[in-house]
Amino acid sequence: MSYNVFVIAEAYIIPHHQIYKVFMSASPSNRSTVIWPMLVMALGTFVLGLTEFSSMSMLPLIAETYAVTPSMAGNVISGYAIGVVIGAPSFMLLTNKTNRRTALIIFAAMMCIANGLSAIASSLPELVFYRVLSGLPHGAYFGTALLIAASMAPTGKRASYMSMVFAGLTIATIVGVPMATLIGQNMSWRVCMAIVAVLALITIALIYLFVPSSPVTTPTNLREEFGVLKNKLVWSISGIIFVGFGGVFCIYTYLADTILNVTHSPEVTISVAMMMFGIGTTIGNWFISKLADKSPLRTTGIALLCSVGVAVMYVFAASNIWWLYLTVFLLGASVGLAAVIQSMLLDVSPTGHAMIGALVQCAFNTANAIGPMLGGALLASGASFNETGYVSAMLFFGGFIMWALSYLQLRNRNLTLATS
């Protein structure tokens, strides 16, 4: 189940017009046998994007339903993240020898059932439990879909085909989440989760119809995969995500509450802010990766310090919706560091890529748990929603400290190699 993390990162930053060109340049027969399976798998990542991010924009509605504080409702986000952390490495091992199409169907079925149960949860603890279940297939679905895409791509087209799988996630952040937010505000957050469950059910049927059977011919070498965990650099570089990206989720989780209670803007502006975050993420993926081509380590350090400034800016920008839009756009752009950090991990660990992929998923979703928890703790002490920006800034700075540790280790390693 090994896969090249750099190719995954490269695929994620390919502009969507290139995906359109790939689709239009393919022959009709090739579209049915290759391109359509890519689009079907992208529907699954779209569902995952909706599952993970739409609940953040609907936290005020969830808190109102169960008559709890926003900080308590934030456990819904942390629950999903915990599910991803548990599920990514676990299902990587459990499906080690399973036909990849069968594995995709299993993961989509889990998405369907867990989101359906979430829609009818009678209490907040019950909802949190179902969100944990919802997160279990997240990392495994991504990894398996990317493996199938890579195996089906013609020579020289692997990154483009894999980018189609990732396109579902980016479309979810730009279009899906704002639409889900509007539906939640005008109908119910339960309706949104029910729609996600239906989309997952449709995904199951389409995977069965369009995605070809993909037997595993070379099962993962588990000793090699787990061996990467002995590499200190893998942990320090991953620590940038574990700690630093908590700053993204600390703000994003309580963004809707900030808009309603601090900015005092209409509910519709929440959808606009979510769209700005998605656009920022897409542009940031492209722009930061271009800067990182020359010096990924230096680009990462500078971007983390800039993110500290963006987080502090959020505290003061919350009084004006236009400044808030700009800040949220810049916050989304910081997510572009993900591709750079993944490529750095590949550089320091040429083997065990499946474990690195699982570790990155765990890191992101640990950050997704830490950010809301620390932000919620601040809110519980009586702070204003926009003051979560201060916690976010500390988390980004923590990521910078992990970057500094990685820099020192890399410098020492290079000196050792030079003198040996």
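Everything quoted here is computed from the prediction, not taken from an experiment.

Undergrad: Help me understand the overall build of the protein, please; the structure alone is not making it clear to me.
TA: If you tally the helices and strands in the protein, you get 21 helices and 0 strands. By the burial criterion, 59% of the 420 residues in the protein qualify as buried. In the protein, the proportion of contacts linking residues at least 24 apart, taken out of those at least 6 apart, comes to 85%. On the protein, roughly 16600 Å² of surface is accessible, and the fraction owed to carbon and sulfur atoms is 69%.

Undergrad: In this structure, what is going on with the packing of helix H7 (residues 100-119) against helix H9 (residues 138-152)? I would like to understand it.
TA: The relative placement of two packed helices comes down to the angle between their axes together with the axis-to-axis distance. The interhelical angle for the contact between H7 and H9, taken along N-to-C directions, is 150 degrees, at an axis separation of 10 Å. Regarding the angle of H7 to H9, the classification is roughly antiparallel. Regarding H7 and H9, the two cross each other, and that crossing is left-handed. Listed contacts from H9 to Arg100, Arg101, Ala103, Leu104, Phe107 and Met111 of H7 are Ala140, Tyr141, Thr144, Ala145, Leu147 and Ile148. Among the residues forming the contact of H7 with H9, the class breakdown is 9 nonpolar, 1 polar and 2 charged.

Undergrad: Would you take a moment to explain helix H4 (residues 59-66) for this structure?
TA: Since the α-helix packs 3.6 residues into each turn, any two residues three or four apart lie on the same face. The buried fraction of H4 is high, at 6 of 8 residues. Of the positions making up H4, those classed as buried are Leu59, Pro60, Leu61, Ile62, Ala63 and Tyr66. Looking one or two residues past H4, Ala67 carries a phi angle of roughly 55 degrees, positive in sign.

What counts and how
Residues numbered from 1 in each chain as written. Predicted model: local features only at pLDDT ≥ 70, side-chain atom pairs only at ≥ 80, totals over all residues. Heavy atoms only, no water. Helix = DSSP H or I, 4+ residues; strand = E, 2+ residues; numbered from the N terminus. Buried < 20%, exposed > 50% of the residue type's maximum accessible area, 1.4 Å probe, protein only. Contact = heavy atoms within 4.5 Å. Areas by Shrake-Rupley, 256 points an atom, 1.4 Å probe, with all protein chains shown as cover. Axes fitted to C-alpha atoms, helices over the stretch in contact; angles between N-to-C directions. Parallel < 35°, antiparallel > 145°, perpendicular 65-115°, else oblique. Left-handed = near helix turned anticlockwise from the far one by under 90°. Nonpolar A, V, L, I, M, F, W, Y, C, P; charged D, E, K, R; others polar.

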